Amino acid sequence: MKQDKKKQTLLQNPKNQSKGPKQQVTQKLPDDMESEIRDCFNFYDPSRTGFINRQNMRSILGNFGFINKTVKDIEEEIRDVVEETRDSFSLKDVIQLISRKWFENKGRDEEIDEIYELFVRKDRKVGLPEIKNVFAQYLDIQISDADILEFIQDASKDKDGLTKEDIAAKMGYI
């Protein structure tokens, strides 16, 4: 029993494991995110060879959470995930790198925080005025108050405004 608990802790906290063989992330990215990665990969692979070069790999990674990293930092991330040194990378390689950042390096938590902070104002709950404000400021779509209120009712546990956890759950992050 004690060994099972240790194994579970290691699986939940992969950063606590010692550096050894390259680690593979077993959790799956949200489908819409994988679709965006695939679209981005295909943009850099117009002839559909199934591979992109190192510079294109770094460009894709810059769009998916590696934006504040230096080229050296990105190269280190690549070496941590890709087994051998090479100059071409598959879609699977790209997804593994982004998955690692997303699940092991708190990328998912950072994105939830950013989204929540975009909406939240005074009482730390997101309601109709906050959603309307963000839609008016950033999106060029009209959505009725009734539709927004229905979304809040559907997503909110206590039905009086969205918490960070409500937003994360609605987005499929938890």
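Residues numbered from 1 in each chain as written. Predicted model: local features only at pLDDT ≥ 70, side-chain atom pairs only at ≥ 80, totals over all residues. Heavy atoms only, no water.

Under an unreviewed UniProt entry, the name given to the protein chain is EF-hand domain-containing protein, and the organism recorded is Paramecium tetraurelia.

Caption draft 1: Quick look at the side chain of R86. Here R86 lies in the loop between α4 (71–81) and β2 (88–89). One polar contact links the side chain of R86 to the main-chain carbonyl oxygen of S88, over a distance of 3.2 Å. Engagement of the side chain of R86 in a polar contact is seen with the side chain of D93, the distance being 2.8 Å. (Helix = DSSP H or I, 4+ residues; strand = E, 2+ residues; numbered from the N terminus. Polar contact = N/O pair within 3.5 Å; in protein donor to acceptor, adjacent residues only side chain to side chain.)

Caption draft 2: How the structure looks around the environment of F51. Position of F51 among the secondary structure elements: in the loop between α2 (31–44) and β1 (52–53). As a C-alpha pair, F51 and L91 span 40 residues in sequence and 7.1 Å in three-dimensional space. In contact with F51, other than residues within four places in its own chain, are F41, D45, S88, F89 and S90. (Contact = heavy atoms within 4.5 Å.)

Caption draft 3: Broad picture of the nonpolar core. Ranked by internal contacts, the top residues of the largest apolar core, which has 21 residues, are L29, I37, M57, I60, I78, V94 and I98. Looking at which element gives the most residues to this core, the answer is helix α5 (residues 91–104), with 6 residues. Y116, F119, V134 and I167 belong to the second-largest nonpolar core, a separate cluster that totals 14 residues. (Core = buried A, V, L, I, M, F, W, Y, C linked by side-chain atoms within 4.5 Å. Buried < 20%, exposed > 50% of the residue type's maximum accessible area, 1.4 Å probe, protein only.)

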